[in-house]
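Read off the chains here:
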Protein chains: 2
Amino acid sequence: MAEYYDALETRDPEERERELLAALANQVAHAKARAPGFARTLKDVDPRAVGSRAALARLPVIRKSDLKALQESAPPLGGLNATPVEKLAKLFVSPGPICEPEGHGRDWWRTGRALHAAGFRRGDLVSNTFAYHFTPAGSMMESGAQACGCIVVPAGVGQTEMQVAAIANLRVDGYVGTPSFLKLIVEKADELQADISSLKKALVGAEYLPPVLRGALGERGLSVLQCYATADLGLLAYESRGPDGKVCEGMVVDEGCLLEIVRPGTGDPVPEGEVGEVVVTTFNADYPLIRFATGDLSAVLPGRSPCGRTNVRIRGWMGRADQTTKVKGMFVHPSQVAEVLRRHPQIRRGRIIVDQAEGQDRMTLHCEVEAVPADFAAAVVATLRETTKLRGEVQLRKPGELPNDGKVIEDARKYE
Amino acid sequence: MAEYYDALETRDPEERERELLAALANQVAHAKARAPGFARTLKDVDPRAVGSRAALARLPVIRKSDLKALQESAPPLGGLNATPVEKLAKLFVSPGPICEPEGHGRDWWRTGRALHAAGFRRGDLVSNTFAYHFTPAGSMMESGAQACGCIVVPAGVGQTEMQVAAIANLRVDGYVGTPSFLKLIVEKADELQADISSLKKALVGAEYLPPVLRGALGERGLSVLQCYATADLGLLAYESRGPDGKVCEGMVVDEGCLLEIVRPGTGDPVPEGEVGEVVVTTFNADYPLIRFATGDLSAVLPGRSPCGRTNVRIRGWMGRADQTTKVKGMFVHPSQVAEVLRRHPQIRRGRIIVDQAEGQDRMTLHCEVEAVPADFAAAVVATLRETTKLRGEVQLRKPGELPNDGKVIEDARKYE
């Protein structure tokens, strides 16, 4: 039973970085040549010059929230696909609607690596309870499980009694799905006094895993690990266990992507450890998403995982990055906060807090600064007004005073 | 645009028969060697001797209705799989529960041939509305569509508005699913005034297609053909169009199976044209079902299809073959009718009709006979009683008087 999925996981980190950046230059060239959407946005980019993290950080970001408009203007995939639609394997339609492609080939979504880390092995029988209809979730995990040599029971979501019966009758080894549905299945099995003791491992995702649930399932002999994947990008990160058998802190980034954490609303990487938006570049040949902003918040967890995998770790999902809100009926976007900061480089971090005073919306921009001139706050007020078309206040704070939670707009209004 | 899926479809019928029977001998040897269930039932069969239809007809039949008990005694597949479970791709769980395997490899269920005949071609976008959860239907059609080079939208069943939106937005070319769900989608599109005119072809199955629905859809420019497939065997037969563009009568048998029509409750082939139970032998290497009785009624349609395909045609689905009923609280099975006929070879066809007389169940065996001795009916009454443990009457009929509908037990009781 191999501990690692392949040799990539234990590469020297510098070697990995070199190989990823070399692949990046090729991917940029490929995307420019084959995907009209990238040919347009990367028109002035020389692929040979994209050989560093700094150069990557200058490339434009594509936001998840832009996909709908892009796809409407150039159906079905906004011109971001390098493989023409007629040579793809599947098209999914997620709520939005947002269309997602799947190409041909083994483990296209790269989930096999996460399943392997969660203990799934050749010959295991796996109940895949992610839905297969319209969403790619089911197909995403099925292809990964098959890459691990598992046999899949395509169970989908719902029909809890039938799920229990299938696990009990077929002696299913592993579960794939959401943690809350696993909880329902286990409770139903207890209620029916069905023997599901064959179930020894689970890979869960798509929602929060309460530590108390993981603990309770562990006590039943059911090991639960998490993964982080999206319908556009496939697997991004996954949990692992250390040599002591304990779940390691954080999630190891998948070998098939380059991950950045940026200040929400911008494409600017934050310092290591700071919470920001997850931006990913994949090396998928069919759908070469370059600097795709997921809308999810996370942070890099410094240091190395005790499991022996050498890739960067992130803290997992920490909320949604899109903090757009309405103040006095007007939209305020994270990109507007970023614009104010851009014009006043003395501000290290900024955060708009929206609350209410005397029944009215009140907007205050809190700015972390060192020493600044006396008229600095007034100048920022003016910029804030120019940028948002709204009157706002400014409060100067010391560096480190704002919480590290990735928020640039905080809605502190009380809604009854 | 090739008219036929491959050269097999237009083989000389005698060549096909020779090739199928040669393959049959190999399949019997394979099943005996690899599948413990067949090793047992075919213990005394010499594969080299199974080179004719007559020899095939002497092999034991496995009934769909036997699967549950077989699978319970040797989970999960009753020992009928030649490939061990750990080397399969998927396991499905249909109501029963009955477990069905899917192996690795291209178009494992052979549905590509039916999709091709229905006009599905490389680059077509296909909305697959068969369910993927627990049942193999979704996977069955997806793999066939991909073998045809189509791109699949795994839509599943339900969410009619989303189905309409996906077809309209993605400009879907083809529909796969039940005819009744297609009707719902088209009606919903009309109600929403959504443009689904891209939809030009449909392959439907799993239920009755009303001719008036096919006509109405045809008038909208949507060509609808049917196929007949089962969760155990994959594709069995499919419709086609003739050179005049009209739907040809009957369904052409798939090239990947050997089909027989037998008297319900027996393994005895009926004369060509007579209605009976569909029994199929597949050449699938993973799940080599030999003489699998589907429980469905159909009949061979004599003659050749005008589409140019030379394989045998059947009439499509004509009802369920399992006519087991209860008379005065006791089960009466088709196999018991067959046993009575076996003991009295003068009876060409027999049919039990159950009705009521004076508030009591009454069972009458109608027998088609030529000239018989005077005491013949009394002898049959005795055999009927011995076989069914029930008192019954016997009526002698002339050859051809009983309807050709595959029924050996007719329940003519009125239930209020």
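Below or above, wherever it landed, is the structure these notes cover. (Residues numbered from 1 in each chain as written. Chains lettered and ligands numbered in written order. Predicted model: local features only at pLDDT ≥ 70, side-chain atom pairs only at ≥ 80, totals over all residues. Heavy atoms only, no water.)

### Points about the packing of helix α10 (residues 334-343) of chain B against helix α11 (residues 376-388) of chain B
Two packed helices can be described by the angle between their axes and the distance between those axes.
Residues and elements named next belong to chain B.
At step 1: Contact geometry of α10 with α11 gives a least axis separation of 10 Å together with a crossing angle of 140 degrees. By the criterion of interaxial angle, the relationship of α10 to α11 is oblique. Like other packed secondary-structure pairs, α10 and α11 cross with a definite hand, here right-handed. Packed against α10, whose contacting residues are Gln336, Glu339, Val340 and Arg343, the element α11 presents Val380, Thr383, Leu384, Glu386, Thr387 and Thr388 at the interface.
At step 2: Among the residues forming the contact of α10 with α11, the class breakdown is three nonpolar, four polar and three charged. (Axes fitted to C-alpha atoms, helices over the stretch in contact; angles between N-to-C directions. Helix = DSSP H or I, 4+ residues; strand = E, 2+ residues; numbered from the N terminus. Parallel < 35°, antiparallel > 145°, perpendicular 65-115°, else oblique. Left-handed = near helix turned anticlockwise from the far one by under 90°. Contact = heavy atoms within 4.5 Å. Nonpolar A, V, L, I, M, F, W, Y, C, P; charged D, E, K, R; others polar.)

### Some details on the pattern of salt bridges
Once the charged atoms of two side chains with opposite charge are near each other, the side chains can pair.
At step 1: Inspection of every chain in the model, using the stated rule, returns 76 salt bridges over all chains.
At step 2: A salt bridge links Arg113 of chain A to Glu9 of chain A, with the shortest nitrogen-to-oxygen separation between them at 2.8 Å. In this pair, Arg113 of chain A sits in helix α5 (residues 112-117) while Glu9 of chain A sits in the segment before α1 (13-34), placing the two residues 104 residues apart along the sequence.
At step 3: For Arg113 of chain A, a relative accessible area of 7% gives the class buried.
At step 4: What makes Glu9 of chain A buried here is its relative accessible area of 0%.
At step 5: Of the charged contacts in the structure, one is a salt bridge between Glu255 of chain B and Arg16 of chain B, with a shortest N-O distance of 2.8 Å. Taken together, the residues Glu255 of chain B in the loop between β10 (251-253) and β11 (257-262) and Arg16 of chain B in helix α1 (residues 13-34) connect sequence positions 239 residues apart. (Salt bridge = Lys/Arg side-chain N within 4 Å of Asp/Glu carboxyl O. Buried < 20%, exposed > 50% of the residue type's maximum accessible area, 1.4 Å probe, protein only.)

### Concerning unusual backbone geometry
Residues and elements named next belong to chain A.
At step 1: For the bond from Pro75 to Pro76, the omega torsion is -5 degrees, close enough to zero to count as cis.
At step 2: Locating Pro76 in the fold gives a position in the loop between α4 (67-73) and β2 (90-94).
At step 3: Here the bond from Gly96 into Pro97 is cis, since omega is -10 degrees, no more than 30 degrees from zero.
At step 4: Following the sequence through the fold, Pro97 ends up in the loop between β2 and β3 (98-102).
At step 5: At Arg110, a position not held by glycine, the phi torsion is positive, near 70 degrees.
At step 6: Mapped onto the fold, Arg110 is located in the loop between β3 and α5.
At step 7: Overall, the relative accessible area of 16% leaves Arg110 in the buried class.
At step 8: Residue Gln193 is not a glycine yet carries a positive backbone phi of 55 degrees.
At step 9: Inspection of the secondary structure assignment puts Gln193 in the loop between α8 (179-192) and β7 (201-204).
At step 10: Its relative accessible area of 74% is what places Gln193 among the exposed residues.

### A word on the relation of the copies chain A and chain B
At step 1: Each copy of the sequence occupies a distinct position, and chain A is placed on chain B by a rotation of 180 degrees and an axial shift of 0.0 Å, giving an RMSD of 0.0 Å. Taken together, the rotation and translation relating the two chain copies correspond to the operation of a two-fold axis. The position closest to the rotation axis in chain A is occupied by the C-alpha of Tyr132 of chain A, lying 3.1 Å away.
At step 2: Comparing interface residues between copies, 100% of those in chain A also sit at the interface in chain B, which points to an isologous, same-surface contact. (Least-squares fit on C-alpha atoms with pLDDT ≥ 70 in both.)

### Concerning the packing of aromatic side chains
At step 1: Overall, the coordinates contain five aromatic pairs over all chains when judged by the stated rule.
At step 2: Between the aromatic rings of Tyr132 of chain A and Tyr132 of chain B, the centroid separation amounts to 6.1 Å while the plane-to-plane angle is 20 degrees, which identifies the pairing as stacked. Of this pair, Tyr132 of chain A sits in the loop between β4 (125-128) and α6 (137-147) while Tyr132 of chain B sits in the loop between β4 (125-128) and α6 (137-147), placing the two residues on different chains. Of the two residues, Tyr132 of chain A and Tyr132 of chain B, neither departs from the other in class, the shared state being buried.
At step 3: By the ring-pair criterion, three or more aromatic residues cluster together here, those being Phe92, Trp108 and Trp109 of chain A. (Phe/Tyr/Trp six-rings, centres within 6.5 Å; stacked < 30°, edge-to-face > 60°.)

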